Amino acid sequence: MSIYDTLNDRQKQAVMQIDGPVLILAGAGSGKTRVLTHRVAYLIDKAGVAPYHILAITFTNKAAGEMRERVDQIVGFGAEQVWVSTFHSTCVRILRRYIDRLGYDNHFTIYDADDQKGIMKEVCKKLQIDTKMLKERTILNAISSAKDELIDPQEYEMQNGFDYNGGKIAKAYREYQETLKKNNALDFDDLIMKTVELFKTDAQVLAGYQDRFRYIMVDEYQDTNTAQFELIRLLADGHRNLCVVGDDDQSIYKFRGANIRNILDFEKVYPEACVVKLEQNYRSTKMVLDAANAVIQNNTGRKDKALWTDKTEGERIHFRQFDTAYEEAEYIAGDVAKKKRKGQVSYGDCAVLYRTNAQSRLLEERFIMEGIPYDVIGGTNFYARREIKDVLAYLKTIDNGRDDVAVKRIINLPRRGIGATTILRVQEYADEREISFYDALREADQIMTIGRSAVKLKPFVTMIQSFRSKTEFFSLEELVKDVLETTGYLKELEESDEEDAADRIENIQELVNKVVAFEAERDEPAALSEFLEEVALVADIDRVEGENDRVLLMTLHSAKGLEFKHIYLAGMEDGVFPSYMTITSDDPMEIEEERRLAYVGITRAREDLTLTCAKQRMIRGETQYNPVSRFVREIPPLLLDNKPFSPKPREREVYQEDSREQSRLRAKPFAAAARPLAPAKPYAASPSAYTAREKPKAVPIRRGGGKAPLTVGTNPFGTGNAVKSSAEPVPAGRLGYAEGDRVRHARYGEGTVMKIEPGPRDSQVTVVFDEAGQKIMYAGFAKLQKV
DNA sequence: CGTACTAGTCTTTTT
DNA sequence: GACTAGTACG
């Protein structure tokens, strides 16, 4: 009995076909990850391949981590030599070694969307591009798409130079790249593109990696873009042992440049490819699977396949329609609570999926009211939050003085009286001499144009220099804490009376925790640059831990690759999902991508799937009236416990009113959930006829909104991981001390509590410390101990 | 130079 | 509805 006996025949074939190109078409829940990990084991165990020669690439760190873990389990000794990582991490690792061959410094920094925008702003100013006509974001998107297609500024110019905007973008692209290079920075797309460039220009480096990676595996292949495809192709050209795993029905990242042709045309690029289809689903009940199949069948141009299962029939799919989104949220939270009370579920078995991040708000409110622990994935990346970026900018400045963006971000933070004019003058000085902004700062007293302001720059430079010298003998944790304290950043926050100061402090604390965890993971002292690198490449989904018994709220996109016993798909309305954008688009392919997203959503469910929608929903401050999603209608009514009722198109008038208040009033708290649904129309009453006329006439979407969900804060049930704020104040009684008590603070020593003011998020505590004097701090962060 | 207010903006989805 | 960038003013 070997570990391979647990695989079905197809899976075995996929595992054992180790030589040459292999395309594994792995339907949802068909044991794809098992195949990949067993394949690694097989290569090492049976085929005698050295772990060192194996490369496995995924999209997210979470997926990479899981694979690593499972490979470690099966393979045991030597497994750590297998290179398992994401596209981006792989490229960073390669570039750190060799990017000097492209004229960059190996010590580069990685820019996120925020940094990019900052750079683009400067670029537009310099090129006198009117950002009202042509927005920074638009230009950056154009550049990003170009990079996904491996188009450099020169080529872009050739292709688009004749066009008015195209010409401007081409110039901006060129300037943008130059600025990045000057700052010794790469953006996300550069990581892939520069690696490809490196391979194409340096045969020696390429040959080295080709020789190393004799067996290559790529997960989620349907989501690769042209650049990633090229990267893989180059690497695999050495031995042609390339195994890609994917599902064309789950390709949902076109907007990010994913090219579905990569998987559809695999056999054209590799005619000798062996194709294995995994069609047995081990995850979902028949009901769920039938629904998924029914929906996806409406797409054209798919690879032919049919998922089947020998699992039980299962329950019918629940469908509930509500008057308002409030009632929808109420129902979902109530349903989870009910099931939990009955002992049918653990919170961790449940996930609520929705199309847009903004939809999480109402759900969160309800979950808090019901007292259900939850985590929200996505929204604003933790590392993109202002306070986190501030602290990271300090660390980046300490790490790499050439990152002008980071230096400028913190030079007047907290306030040091250094204003825009001074910064401009220093920049001019730097430009003249072609030195970095930071190096110019060091010569502040040489800069004639800034006059007396030079005095303010000196202490800043001295401080940074002193941090730098401390990196020698400080641990990362000590360094970060030192930065927080010495710069006065934390103090300013603690004394701030801003509404969200407590949340921000909490986030900083969370960052410190991450630093500690990062250091604990490795044996030798961790370098600052390694930490910054890791942090630059994490996605929100990476931070989901399996152990927490909490309901997960996330977008359909984030849910790919996950599975839950109970899935709620919220907001099943035409105009929300499929989104208004795709419905109105002339490109029929867009709705197909949306349908794939629905397929992904449905197939996340193991046993129990609930679809909900609301007749009325507030989006960006305006009320929309949307019909039931066409995807619900594409599910045979037999599979649903309630039938979608559709008003005749002419009755579905679209109007708007400022109804937030009214809806709130109407949505009685804890009211019973579903309205009785109208009797089902016969399903044969042509969903297609319906869909055809469905062009939602001017559902009033005003451009706007896109709000990030609530700021991160303390979930009353919180782990502090990707957690959003609740409205619960910390009850003063729970603090363990009261006014007049003597307390101890980790940094300030002992003191007396003068005042405790319960705040909206966290209590504010005023303490007079014996040594440090009076401080006003947030109880959650101060961690005061009664003495 | 810093702050307080106002006006305009918002890719659905993210490595 | 909310956030942010830009501007007017102290």
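Residues numbered from 1 in each chain as written. Chains lettered and ligands numbered in written order. Predicted model: local features only at pLDDT ≥ 70, side-chain atom pairs only at ≥ 80, totals over all residues. Heavy atoms only, no water.

Caption draft 1: Region of the structure containing the overall build of chain A. A count of helices and strands for chain A gives 32 helices and 20 strands. Out of the 787 residues in chain A, the part that is buried amounts to 55%. Intrachain contacts of chain A at a sequence separation of at least 6 include 75% that bridge at least 24 residues. Element-wise, carbon and sulfur atoms account for 50% of the exposed surface of chain A, whose accessible area totals about 33800 Å². (Helix = DSSP H or I, 4+ residues; strand = E, 2+ residues; numbered from the N terminus. Buried < 20%, exposed > 50% of the residue type's maximum accessible area, 1.4 Å probe, protein only. Contact = heavy atoms within 4.5 Å. Areas by Shrake-Rupley, 256 points an atom, 1.4 Å probe, with all protein chains shown as cover.)

Caption draft 2: Representation of unusual backbone geometry. Cis geometry marks the peptide bond from leucine 413 to proline 414, where omega comes out at -5°. If you trace the backbone, proline 414 turns up in the loop between α18 (404-410) and α19 (420-433). In the segment running from phenylalanine 577 into proline 578, the intervening peptide bond is cis, with an omega of 5°. Here proline 578 shows up in the loop between β13 (564-569) and α27 (580-584).

Caption draft 3: Summary view of helix α5 (residues 113-126). Compared with the 20 Å implied by 1.5 Å per residue over 14 residues, the 20 Å span of α5 between its first and last C-alpha is a close match. Buried-residue contacts for α5 involve β4 (109-111), α6 (136-148), α8 (164-182), β5 (185-187), α17 (386-399) and α18. The N-cap residue of α5 is aspartate 112: its side-chain oxygen and the backbone nitrogen of aspartate 114 are 3.0 Å apart. At the C-terminal side of α5, glutamine 128 shows a positive phi close to 55°. (Expected span 1.5 Å × (residues − 1). Polar contact = N/O pair within 3.5 Å; in protein donor to acceptor, adjacent residues only side chain to side chain.)

Caption draft 4: Broad picture of the confidence of the model for chain A. Per-residue confidence for chain A gives a mean pLDDT of 82; residues scoring 70 or more make up 85%. Segment residues 648-733: pLDDT under 50, and 176 contacts once partners within four positions in sequence are set aside and those in other chains are kept. (pLDDT = per-residue confidence, 0-100.)

Caption draft 5: Structural view of the sheet that holds strand β6 (residues 215-218). Strand order in this open sheet of six strands is β3-β2-β6-β7-β1-β8, and the pairing throughout is parallel. Of all the strands in the sheet, just β3 (83-86) and β8 (274-278) have a single pairing partner and so form its edges. With direction set aside, neighbouring strand axes in the sheet form an average angle of 15°. (Pairing = 2+ DSSP bridges. Axes fitted to C-alpha atoms, helices over the stretch in contact; angles between N-to-C directions.)

Caption draft 6: Inspection of the packing of aromatic side chains at higher detail. Tallying each qualifying case throughout the model produces 16 aromatic pairs. Plain terms: the ring middles of phenylalanine 322 and tyrosine 331 are 5.2 Å apart, the flat faces sit at 35° to each other, and that makes the pair tilted. We note that phenylalanine 322, like tyrosine 331, is buried. Taking the centre distance of 5.4 Å and the plane angle of 80° together, the rings of phenylalanine 473 and phenylalanine 474 count as edge-to-face. Judged by relative accessible area, which is 61%, phenylalanine 473 ranks as exposed. (Phe/Tyr/Trp six-rings, centres within 6.5 Å; stacked < 30°, edge-to-face > 60°.)

Caption draft 7: Molecular detail of the packing of α17 against helix α22 (residues 476-486). Look at α17 against α22: their axes get within 10 Å of each other, and the N-to-C directions meet at 115°. Taken together, α17 and α22 sit at an angle that is classed as roughly perpendicular. α22 is crossed by α17, and the crossing has right-handed handedness. Touching Val391, Tyr394, Leu395 and Ile398 of α17 are Leu479, Val480, Val483 and Leu484, all from α22. (Parallel < 35°, antiparallel > 145°, perpendicular 65-115°, else oblique. Left-handed = near helix turned anticlockwise from the far one by under 90°.)

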